[in-house]
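# Summary of structural features
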Amino acid sequence: MTFVTGCSGPRGEPAADPDLAAEIRQIRAIDNHAHPVRAVSAGEKPDRDFDALPVDSMEPESDPVALRPGSPAVQEAARALYGTAGKAQTMAAKGADYPAWVLDQMGVETMLANRVEMGRSVSPPRFRWVAYADALIFPMDNAQLAARNPDRKGFFALEDQLRRRYLDAVGLPQIPATLPEYLARVVTPTLERQKQGGALAEKFEAAYLRSLAFDAVDAATAARVYQRLAGKPAPSEAEYKPLEDYLFRYIAAECGRLGMAVHIHTMAGAGGYFDVGGANPLNLESVLNDPALRKTRFVMLHGGWPFIREIAALLVKPNAYLDFSQQSLMLPAATLAGSLREWLELNPEKVLFATDAYPYSNEIGWEESGWMAAKAGREALAIALTGMLRDGQITRPRASQLARMILRDNAITLYGLTNKN
Ligand SMILES: [Zn+2]
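Quick caveat, the model's predicted, so the values are computed rather than measured.

With that out of the way, let us pick up the pattern of salt bridges. By the definition in use, this model includes 30 salt bridges. In this structure, Asp47 engages Arg115 in a salt bridge whose closest nitrogen and oxygen atoms are separated by 2.7 Å. Pair noted here: Asp47 is in the loop between strand 1 (29–34) and helix 2 (72–82) and Arg115 is in the loop between strand 2 (108–114) and strand 3 (127–132), with a separation of 68 residues, a long-range link. Put simply, Arg249 and Asp290 hold a salt bridge, and the shortest N to O gap is 3.0 Å.

Printed below as a string of structure tokens:
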């Protein structure tokens, strides 16, 4: 089987150099962002901790081609994963080893699992935790924010439930009366508990809930807003925003102190009501430029699509990184290769491989989406590096080095992981 079919360079050569493509297929990857699902035994409740905001309750949108039922790429993934045995039988046969087996099929050594909680079968060393922090920045009555559209209504209900879980974990029936108490008794202990539980990073899905423009707000202003809103019904977005902004930067600073990275969803997506402009990574510029946050490493997930050039410009900030998860699932490899090449030409140390493996449906589970995104991500990398080779920008040994950096070494450096091979 050829590596990239029907796709060739201007001189008729394959878009990806076959040797380089073969080499890239062999590199065991670190997947910077994904949502693996726990294996459950018969009679056990299905796992719902794979996302704080599962996207299966949204109103219908116009699905991109790659995610439509019956797409050839999905069928190819199912064949590659299960052969003639079928999915249910394979799951039953593998039992608790099933999630790690899926990683083997994807060529992934370690998957950063963005989950509410980890659990049996989705645990270290193959899976490393990325916890959720959004519930902490919306501690008040969220009814007015939720009223913006039907999808946000569903999302805020889930955030309210998660904040309840976080309050239970610190033994509080409700949020404290003042901001300093809220920070000391809820926010910091939650982050510390997650760090102790093995979290490498905190994830914000804030782009589902508001814009990414988190302004600098001083502690006294935030404390006044907190006291004014605590226990009151449904503040407006304008009243509430300074507190959310302050809490975001507080959490980011705490992550820096605790040695956790901050992951931020930066991509159009999550439904037909999603605020695409609000998710523009340029909205994060003042956060990245905040001298108090230079010790925090920010990873902009999904490569900022469609703002792929804006995000490229942000990579010069020493605390800014990106991954290309979700793009690797939604876009053809040749299209992703274009943005990937631009990033590699500028700051290749800041670019991370990732899939955003996710249980969209029974047909497109985290297994199929992960397998497809891992394959397309590798193909895109091979095409981008081949283009740079052919244009005389890099040598063949440098192409190998860059491939390893994107697929694993950059993540190892960023999170301080141990390099096993
Ligand atoms: Zn995700």
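Glancing now at the side chain of Thr188. By the secondary structure assignment, Thr188 is in helix 8 (residues 179–196). A polar contact is formed between the side chain of Thr188 and the side chain of Glu254, at a distance of 2.7 Å. Apart from the residues lying within four places of it in its own chain, the contact partners of Thr188 are Leu183, Tyr250, Glu254 and Arg257.

Right, let's talk about the coordination of the zinc ion for a bit. Tetrahedral coordination by four donors sets the ideal angle at the metal to 109.5 degrees; octahedral coordination by six donors sets it to 90 or 180 degrees. Within the protein, the atoms that donate to the zinc ion are His33 (NE2), His35 (NE2) and Asp356 (OD), at distances of 2.0 to 2.4 Å. Positions of the donor residues of the zinc ion along the chain correspond to the pattern H-x1-H-x320-D. Just as His33 is buried, His35 falls in that class too.

To continue, consider the packing of helix 9 (residues 219–229) against helix 10 (residues 237–258). Remark: helix 9 packs on helix 10, axes separated minimally by 9 Å, with the N-to-C direction vectors making an angle of 125 degrees. Between helix 9 and helix 10, the interaxial angle falls into the category oblique. Taken as a pair, helix 9 and helix 10 cross one another with a handedness that is left-handed. Here Ala219, Ala222, Val225, Tyr226 and Leu229 of helix 9 come into contact with helix 10, specifically with Glu239, Tyr240, Pro242, Leu243 and Tyr246. Across the contact of helix 9 with helix 10, the residue classes tally to nine nonpolar, no polar and one charged.

A general trend in soluble globular proteins is that nonpolar side chains are found buried together. Counting 128 residues, the largest nonpolar core has Leu179, Ile251 and Leu385 as its most contacted members. Examining the composition of this core, we find that 12 residues originate from one element, helix 15 (residues 366–390), more than from any other. Among all residues touching Leu179, those that are not within four sequence positions of it are Ala219, Ala222, Ala223, Tyr226, Leu243, Tyr246 and Leu247. Among the nonpolar cores identified, the runner-up in size contains 15 residues, and Ile30, Leu112, Val299 and Ala411 belong to it.

Another point: the sheet that holds strand 8 (residues 351–352). Spatially, the eight strands line up as an open sheet ordered 1-2-3-4-5-6-7-8, and their pairing is parallel. Of all the strands in the sheet, the pair left with one neighbour each is strand 1 and strand 8. Examined bridge by bridge, strand 7 (residues 320–323) and strand 8 share two bridges and lie parallel to one another. Among the inter-strand pairings, Leu322 is bridged to a residue of strand 8, identified as Val351. Helix-sheet contacts for helix 10 involve strand 4 (201–204), strand 5 (261–265) and strand 6 (298–301), and the interaxial angle to strand 5 is about 140 degrees.

Burial along strand 7 is two-sided: Ala320 and Leu322 and Tyr321 and Asp323, pointing in opposite directions, are all buried. Relative to strand 7, strand 6 runs parallel, the two being bridged by three bridges. Directly across from Val299, in strand 7, lies its bridge partner Tyr321. Handedness of the crossover joining strand 6 and strand 7 through helix 12 (residues 308–314) is recorded here as right-handed.

Here we come to empty space enclosed by the protein. Inspection of every chain in the model, using the stated rule, returns one cavity of 30 Å³ or more. Each pocket or cavity is described by its volume, and for the largest cavity that value is around 50 Å³. Asn149, Asp151, Arg152, Phe155, Ala207, Tyr208, Ala270, Tyr273, Phe274 and Asp275 together form the lining of the largest cavity. For the lining of the largest cavity, the class distribution of residues is six nonpolar, one polar and three charged.

Attention now moves to the side chain of Lys203. Structurally, Lys203 can be placed in strand 4. Side chain to side chain, Lys203 and Asn114 meet in a polar contact 2.8 Å long. With residues near it in sequence (within four places) discarded, Lys203 still touches His33, His35, Asn114, Val130, Ala131, Tyr132, Ala133, Asp134, His263, His265 and Leu301.

Another aspect to go through is the confidence of the model for the protein. Per-chain confidence: the protein averages 93 in pLDDT, with 96% of residues scoring 70 or above. Under a pLDDT of 50 for its full length, residues 1–6 has, in the predicted model, eight contacts with residues more than four places off or in other chains.

Our focus in this paragraph is the packing of helix 1 (residues 18–26) against helix 16 (residues 396–415). Pairs of packed helices are described in terms of their axes, by the angle between the two and the distance that separates them. Contact geometry of helix 1 with helix 16 gives a least axis separation of 10 Å together with a crossing angle of 30 degrees. Judged on the interaxial angle alone, helix 16 and helix 1 are roughly parallel. Where helix 1 crosses over helix 16, the two elements pack in a sense that is right-handed. Contact residues: helix 1 offers Asp19, Leu20, Glu23 and Ile24, while helix 16 offers Arg396, Ala399, Ser400, Ala403 and Leu407.

Parameters and conventions
- Residues numbered from 1 in each chain as written.
- Predicted model: local features only at pLDDT ≥ 70, side-chain atom pairs only at ≥ 80, totals over all residues.
- Heavy atoms only, no water.
- Salt bridge = Lys/Arg side-chain N within 4 Å of Asp/Glu carboxyl O.
- Helix = DSSP H or I, 4+ residues; strand = E, 2+ residues; numbered from the N terminus.
- Polar contact = N/O pair within 3.5 Å; in protein donor to acceptor, adjacent residues only side chain to side chain.
- Contact = heavy atoms within 4.5 Å.
- Donors = N, O, S within 2.8 Å, 3.2 Å for Na, K, Ca; no water.
- Buried < 20%, exposed > 50% of the residue type's maximum accessible area, 1.4 Å probe, protein only.
- Axes fitted to C-alpha atoms, helices over the stretch in contact; angles between N-to-C directions.
- Parallel < 35°, antiparallel > 145°, perpendicular 65-115°, else oblique.
- Left-handed = near helix turned anticlockwise from the far one by under 90°.
- Nonpolar A, V, L, I, M, F, W, Y, C, P; charged D, E, K, R; others polar.
- Core = buried A, V, L, I, M, F, W, Y, C linked by side-chain atoms within 4.5 Å.
- Pairing = 2+ DSSP bridges.
- Right-handed = clockwise from strand over helix to strand, strands pointing away.
- 1 Å grid on protein atoms, 1.4 Å probe; cavity = no way out; pocket = protein on both sides within 12 Å on 5 of 7 lines; lining within 4 Å.
- Points joined across faces, edges and corners; volume = space filled by probe spheres on them.
- pLDDT = per-residue confidence, 0-100.

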